[in-house]
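# Chain and residue survey
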Amino acid sequence: MSPPPTPSPSYSNPLLAARADPAHHLAGPFRPQTPLGQSPAPSPVRYSRSPPPILRWSTESRGFWADIKSLRWVVVPSSSLKVLLFVFILWANWELVAPHVAPGLSNPFAPLLFISHRIPGTSDDDPRYQKGWLDLAFLAYYIVFWSFIRQTITLYFFRPLAKWFGIRRETKLDRFGEQGYAVLYFAFTGAWGMRIMAQLPTWWYRTEHFWIDYPHWDMKPELKAYYLAQAAYWCQQLLVLLLGLEKPRKDYNELVAHHFVTLWLVGWSYLVNLTFIGNAVYLSMDLPDSLLGFSKLLNYIQWERTKTAVFIVFLFVWSYFRHWLNWVMLYSVWNEFDLMPETSKRWSPQDGVWLTWWMKYQIFAPILLLQFLNLFWYFLILRIAWRAISGSQVTDDRSDDEGEDDDPDEKDKKDDD
């Protein structure tokens with residue numbers, strides 16, 4: 001019979017273990033030292049594991065200045081908040097100090113936070129504003145503002161809510177947050193757009209007033225703020241897509257095209273003083289988008305009956321706003337364009353009139369392109385409706401999830417944006 005194995009010194013005798021450990025705070029100094037002129041024995045190389053690279057669409061900050069230079073402040077809320085606060089502090093300091101140092105000097109930071117170019121002589125009871133170069137400063141600030149609001153709501157409200165509903169997959173958590181934000185944003189802007197249209201002669205899509213009394217260059221302050229805030233939102237969304245700061249979707253190209261067409265239409269309508277028709281276009285997009293996002297949230301949490309009921313309502317709302325009203329506006333551009341005064345049918349920017357004959361086609365084209373994109377999505381919506389009627393699930397079959405970390409069994413269950 002062989003003798004039992006001798007226990008290792010490191011476990012059997014603490015004193016022997018201490019003597020054998022050169023790094024021990026007691027035994028180390030008493031081990032043989034390296035003689036003069038000889039190199040010490042090489043110590044074992046220890047490799048430190050470098051942190052994994054941050055994905056382009058990650059919301060993790062790389063440091064404030066790095067986020068600024070790489071434009072990652074668009075998706076990192078802490079960095080966008082610092083930009084917002086920096087501008088606000090500059091504005092507030094000027095408001096506090098300037099009256100004592102330079103009375104009467106206007107605050108140079110005010111155009112970033114508030115609309116500019118009030119028309120001189122308009123009463124305080126009914127102030128009016130015109131467009132101007134300082135609108136670009138307002139637009140820039142609110143691109144940062146919407147970036148902060150969007151990411152804060154997405155990461156700190158809807159993401160925990162998704163986990164509470166049992167959603168665990170990372171991609172679905174992201175999509176749930178995005179759709180939750182879309183519901184809040186488009187419900188807010190849809191209600192705001194309706195409030196503004198109710199103050200205009202164009203209520204409810206009385207399209208002849210798009211052209212009668214043109215140019216509509218003097219804007220109510222609320223209309224101007226609404227227009228520029230919406231433009232800032234779409235600029236921010238386009239920036240995220242073009243920079244690849246979010247995980248792409250299946251309909252990425254259609255989304256980019258949609259954002260370009262929207263900004264083309266809205267930008268031109270603001271430039272040539274057609275804000276009435278711009279308000280109508282915004283409203284036709286916002287209300288159905290809010291219901292679209294809501295139906296997707298219900299799809300993620302699998303509330304089947306509620307999801308089906310909301311989808312039916314959404315189908316009618318989308319059909320009415322995104323298609324019927326869109327065709328109503330196209331008809332107006334084609335057939336009511338000449339209702340404007342004869343004196344306005346010329347290209348004279350100094351007089352606020354831009355609608356020479358060829359501008360009819362410049363206005364018609366982006367609305368028609370918007371309709372083509374809506375028809376693309378309408379086809380997918382109707383396909384979902386047909387599957388529901390034929391007994392399949394009411395589930396959007398365009399994939400949200402583009403990564404390689406998806407489970408194969410989940411492929412047919414993926415939800416869309």
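Look a little higher up for the structure.
In this report, the structure presented in the accompanying data block is examined.

## Some words on the overall build of the protein
Check the secondary structure of the protein and you find 12 helices and 0 strands. Listed by position from the N terminus, the elements making up the protein come as α-α-α-α-α-α-α-α-α-α-α-α. Here the contacts in the protein between residues at least 6 apart in sequence split such that 69% fall between residues at least 24 apart. Of the accessible surface of the protein, which amounts to about 23100 Å², a share of 65% is contributed by carbon and sulfur atoms.

## Re the packing of aromatic side chains
Following the criterion strictly, the structure yields 39 aromatic pairs and no others. Judged by centre distance (5.9 Å) and plane angle (80°), the ring pair of phenylalanine 165 and tryptophan 303 falls under edge-to-face. Placement of phenylalanine 165 in the loop between helix 6 (135-164) and helix 7 (170-197) and of tryptophan 303 in the loop between helix 10 (275-301) and helix 11 (304-335) is noted, with a sequence separation of 138 residues between them. Owing to a relative accessible area of 43%, tryptophan 303 belongs among the partly exposed residues under this scheme. Site record: aromatic cluster; members linked through ring pairs are Phe138, Tyr141, Tyr142, Phe145, Trp146, Tyr181, Tyr185, Phe186, Tyr233 and Trp234.

## Quick word on the packing of helix 10 against helix 11
With their axes 9 Å apart at the nearest point, helix 10 and helix 11 run at an angle of 165° to one another. Comparing their axes, helix 11 and helix 10 come out roughly antiparallel. Helix 11 is crossed by helix 10, and the crossing has left-handed handedness. Across the contact of helix 10 with helix 11, the residue classes tally to 19 nonpolar, 4 polar and 3 charged.

## Focus: unusual backbone geometry
In this structure, the amide linkage connecting tyrosine 214 to the following residue, proline 215, adopts the cis form with an omega of 10°. Mapped onto the fold, proline 215 is located in the loop between helix 7 and helix 8 (221-242). Of note, the phi angle at aspartate 213 is positive, near 65°, even though the residue is not glycine. By the secondary structure assignment, aspartate 213 is in the loop between helix 7 and helix 8. On the basis of relative accessibility, which here comes to 59%, the residue aspartate 213 falls in the exposed class. In the Ramachandran plot, glutamine 302 falls in the positive-phi region, its phi being about 60° despite a non-glycine side chain.

## Considerations on the nonpolar core
Of all hydrophobic cores here, the largest spans 87 residues; its most connected members are Trp211, Tyr214, Leu274, Ile277, Tyr282, Leu355 and Ile363. Contact partners of tyrosine 282, with chain neighbours within four places excluded, come to Tyr226, Tyr227, Gln230, Ala231, Trp234 and Val266. Formed by 11 residues, the second largest nonpolar core is a distinct cluster that contains Phe158, Val183, Ile301 and Val310.

## Points about the pattern of salt bridges
Throughout the structure, instances matching the rule amount to 14 salt bridges. Two residues, aspartate 126 and lysine 220, come together in a salt bridge whose shortest N-O distance is 3.7 Å. With aspartate 126 in the loop between helix 5 (110-113) and helix 6 and lysine 220 in the loop between helix 7 and helix 8, this residue pair connects regions lying 94 residues apart in the sequence. For lysine 220, a relative accessible area of 23% gives the class partly exposed. Lysine 345 serves as the salt-bridge partner of aspartate 338, at 3.8 Å between the closest nitrogen and oxygen. You can call lysine 345 partly exposed: its relative accessible area is 27%. Members of the salt-bridge network, linked through shared partners, are Asp126, Arg128, Asp218 and Lys220.

## Some thoughts on the side chain of aspartate 289
In this structure, aspartate 289 sits in helix 10. The exposure class assigned to aspartate 289 is buried, which follows from its relative accessible area of 10%. A distance of 2.8 Å separates polar atoms of two side chains, one belonging to aspartate 289 and the other to arginine 322. Here aspartate 289 is in contact with Phe186, Trp318 and Arg322, once residues within four sequence places are set aside.

## What about a nonpolar patch on the surface?
Nonpolar side chains collect at one region of the surface, where Trp334, Trp347, Trp357, Trp358 and Tyr361 lie side by side and expose about 630 Å² of accessible area between them. The residue tryptophan 347 is located in the loop between helix 11 and helix 12 (359-389) in this model.

## Digging into the side chain of serine 344
Here serine 344 shows up in the loop between helix 11 and helix 12. A distance of 2.7 Å separates a polar atom in the side chain of serine 344 from the backbone oxygen of tyrosine 214. Ignoring sequence-local partners within four residues, the contact set of serine 344 consists of Tyr214, Pro215, Val353 and Leu355.

What counts as what
- Residues numbered from 1 in each chain as written.
- Predicted model: local features only at pLDDT ≥ 70, side-chain atom pairs only at ≥ 80, totals over all residues.
- Heavy atoms only, no water.
- Helix = DSSP H or I, 4+ residues; strand = E, 2+ residues; numbered from the N terminus.
- Contact = heavy atoms within 4.5 Å.
- Areas by Shrake-Rupley, 256 points an atom, 1.4 Å probe, with all protein chains shown as cover.
- Phe/Tyr/Trp six-rings, centres within 6.5 Å; stacked < 30°, edge-to-face > 60°.
- Buried < 20%, exposed > 50% of the residue type's maximum accessible area, 1.4 Å probe, protein only.
- Axes fitted to C-alpha atoms, helices over the stretch in contact; angles between N-to-C directions.
- Parallel < 35°, antiparallel > 145°, perpendicular 65-115°, else oblique.
- Left-handed = near helix turned anticlockwise from the far one by under 90°.
- Nonpolar A, V, L, I, M, F, W, Y, C, P; charged D, E, K, R; others polar.
- Core = buried A, V, L, I, M, F, W, Y, C linked by side-chain atoms within 4.5 Å.
- Salt bridge = Lys/Arg side-chain N within 4 Å of Asp/Glu carboxyl O.
- Polar contact = N/O pair within 3.5 Å; in protein donor to acceptor, adjacent residues only side chain to side chain.
- Patch = residues over 30% accessible without salt bridge, like charges linked within 9 Å, V, L, I, M, F, W, Y side chains within 5 Å.

Remember that the coordinates give geometry; whether it matters functionally is a separate question.
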